[in-house]
Amino acid sequence: MTIQECDSRDKRFLSNIQTMLNVHDQLCNHAKRLRVTIENTAVVIRGELPTAALKSELVPAIRRAGVLSRVCDYVRVPG
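Residues numbered from 1 in each chain as written. Predicted model: local features only at pLDDT ≥ 70, side-chain atom pairs only at ≥ 80, totals over all residues. Heavy atoms only, no water.

1. Topic: the pattern of salt bridges
With the rule as written, the count across this model stands at four salt bridges. Notably, a salt bridge pairs Glu39 with Arg46, separated by 2.8 Å at the nearest N-O pair. Among the residues examined, Glu39 registers a relative accessible area of 32% and is labelled partly exposed. Overall, Arg46 belongs to the partly exposed group, its relative accessible area being 28%. Between Glu48 and Arg76 there is a salt bridge, and its shortest N-O distance comes to 3.6 Å. Taken as a pair, Glu48 in strand S2 (residues 42–48) and Arg76 in strand S3 (residues 71–76) lie far apart in primary sequence, 28 residues in all. For Glu48, a relative accessible area of 31% translates into the label partly exposed. (Salt bridge = Lys/Arg side-chain N within 4 Å of Asp/Glu carboxyl O. Buried < 20%, exposed > 50% of the residue type's maximum accessible area, 1.4 Å probe, protein only. Helix = DSSP H or I, 4+ residues; strand = E, 2+ residues; numbered from the N terminus.)

Rendered as structure tokens:
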């Protein structure tokens, strides 16, 4: 796969993830608090969510966006 193809794939992944977060019943209100990037072929999520229950919804939502690669969840829950 060329660099351009990889970049295009990564942009599609990020767009799909953002769309999924924006339409998710609970996560949509907090999507702006999350930063999603692709680093070394892994999807990396950083930010903060108000509850552990919301955090538990995060990776499954990303999987529903069609992401099969490794997901590194660095999202904090205050407490």
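2. As for helix H2 (residues 52–64)
Taking 1.5 Å of rise per residue, 13 residues should cover 18 Å, and H2 covers 19 Å from first to last C-alpha, within 8% of that figure. If you check which residues of H2 are buried, you get Leu54, Leu58, Ala61 and Ile62. Positioned one or two residues after H2, Gly66 has a phi angle of 95°, which is positive. (Expected span 1.5 Å × (residues − 1).)

3. Things to note about the state of the cysteines
Per the stated rule, a full pass over the model turns up zero disulfides. Cys72 supplies the cysteine sulfur nearest to Cys6, a cysteine that is in no disulfide, at a spacing of 18 Å. Here Cys6 falls in the partly exposed class, since its relative accessible area comes to 23%. (Disulfide = S-S within 2.5 Å.)

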